[in-house]
Amino acid sequence: MSRALRGLAALAVASAAALGALSGAAGQEPLRDRWSAAEAEVLAGMQLQSAGPPRPDPSNAYEQRAEAAALGRSLFNDTRLSRNGRVSCASCHAADRQFQDGLAVAEGLGTGKRRTMPVMGAAQAPFLFWDGRKDSLWSQALGPLEDPAEHGDNRVRLVQVLKAHYANEYAGAFGPMPVLESLPPHASPLGDAAERAAWEALPEPTREAVNRVFAHMGKALAAYQRQVRWGEARFDRYVRATLDGDGRGQQELSPQEVRGLRLFLGKAQCVTCHNGPLLTDQSFHNTGVPPLRPDTPDRGRADGVHRLLRDEFNCLGRYSDAAPAACGELRFVPVDDPAQLGAFRTPGLRNVAERAPYMHAGQFASLQEVVSHYVKAPGAAVGHSELARPGERHPHRQAIRLSAVEIQEVAAFLRTLTGPVDQPR
């Protein structure tokens, strides 16, 4: 079936479900909450089940291999992949903390400048990190390994650790590891002056082989992380009951939470950016969030897009498994768009109540503070906020006007998005 026909079929199903939401199904308790056909269609698209499996990543030919995922899980939890031997991926992406760390900004070997994002849903994002400087889950996994504030390691030592402890697992996933003899203990194109000099002194074929193994580390990590997914929330059960005409099932949400949902879809304007099954448009927006450091405000996507294009591990790079035609999002990414200045990636809202503090540097402690920020709509420290301010004429938006009670209702609804985290055993 063509993509167009699949889209029409999905629309027909959603429309049929929407019509069912207008009246209770035969033999069931009448619906407590009534929704218009248009509203029900939006709700149908917000169900977790409509997300389907993570989209295939053409740049990672190994993402479906069980051997790669098993290796990735081991690497994810291995503190030897850090300069001090005490930091692993799981240090900031802890399974018992929603695969994040609960801190305002990440803490590894040093202190970062942005909030840790959760692993779930990352495989379905076209761009990763708050500024979108990576375009695949495997490429994203490589960044922290050499970041001085995170793992703080260097490329050659990381490959040596892999060779010493995971040679058999690597061979099972990617084939035999290159010989790679006579490597210096530390070398990387991103390291300190001595590490960069050591990297430049390596023969080009050696650098290529190290980079290939390093890229495979990222692809193994991605194969594991793509298996970590959101689980169904009360919200999903409410939507299913609504579309099935099941009034009893609508009791999954309280009247206060339903009022918050109506605000979310309506006057609060949340659904403008937080839509679809993961509740994100996967885009970048400047919403006037106050900077962590007022003297040097974070430029966000404006800098991230240039880092993305320079990245040797992007979709068009030599370590990608994708044909250039499959890298459309990278090939046509907007550059030097004024709207990108001070813009950050829209985070998904699933399990958001479990992930305080909020925004790209943990600027707000509670969901109520987040919603209040959108009502106040302050100007941006850098770039221009997309939010309409009270009393201001805006070409595309109206000011968000919510009472204190309504702010609480939106926050109450957001708490219904919490569900289990499904991860491989």
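Residues numbered from 1 in each chain as written. Predicted model: local features only at pLDDT ≥ 70, side-chain atom pairs only at ≥ 80, totals over all residues. Heavy atoms only, no water.

Our next topic: the packing of aromatic side chains. A complete count under the given rule lists 10 aromatic pairs for this structure. With centroids separated by 4.7 Å and ring planes inclined at 65°, the aromatic side chains of tyrosine 62 and phenylalanine 174 adopt a geometry described as edge-to-face. Of this pair, tyrosine 62 sits in the loop between helix H2 (37–46) and helix H3 (66–76) while phenylalanine 174 sits in helix H6 (residues 155–174), and the two are 112 residues apart along the sequence. Tyrosine 62 sits in the buried class, given a relative accessible area of 15%. Ring geometry for phenylalanine 76 against phenylalanine 99: centres 6.2 Å apart, planes inclined by 50°, an arrangement best described as tilted. With phenylalanine 76 in helix H3 and phenylalanine 99 in the loop between helix H4 (89–92) and helix H5 (137–146), the pair connects residues that are 23 residues apart, well separated along the chain. (Phe/Tyr/Trp six-rings, centres within 6.5 Å; stacked < 30°, edge-to-face > 60°. Helix = DSSP H or I, 4+ residues; strand = E, 2+ residues; numbered from the N terminus. Buried < 20%, exposed > 50% of the residue type's maximum accessible area, 1.4 Å probe, protein only.)

This part covers the nonpolar core. Core analysis: the biggest nonpolar cluster contains 54 residues, and Leu75, Phe76, Leu162, Phe174 and Phe214 have the highest contact counts within it. Of all the secondary-structure elements, those providing two or more residues to this core are H3, H4, H5, H6, helix H7 (193–201) and helix H8 (204–225). The element that contributes the greatest number of residues to this core is H8, accounting for 11 residues. For phenylalanine 174, the residues in contact, after removing those within four places along its chain, are Tyr62, Ala68, Leu71, His216, Lys219 and Ala220. Formed by 37 residues, the second largest nonpolar core is a distinct cluster that contains Tyr238, Val371, Leu402 and Phe413. (Core = buried A, V, L, I, M, F, W, Y, C linked by side-chain atoms within 4.5 Å. Contact = heavy atoms within 4.5 Å.)

With that out of the way, let us pick up the layout of surface pockets. In this approach the atoms are scanned with a rolling probe the size of a water molecule, which exposes any empty space left behind. Approximately 450 Å³ is the volume attributed to the second largest pocket. If you trace the second largest pocket, you find 18 residues lining it, with Lys134, Gly143, Leu190, Arg307 and Asp311 closest to the centre. Here the element with the most residues in the lining of the second largest pocket is H5; it accounts for four residues. Residue composition of the lining of the second largest pocket, by class: seven nonpolar, one polar and 10 charged. (1 Å grid on protein atoms, 1.4 Å probe; cavity = no way out; pocket = protein on both sides within 12 Å on 5 of 7 lines; lining within 4 Å. Points joined across faces, edges and corners; volume = space filled by probe spheres on them. Nonpolar A, V, L, I, M, F, W, Y, C, P; charged D, E, K, R; others polar.)

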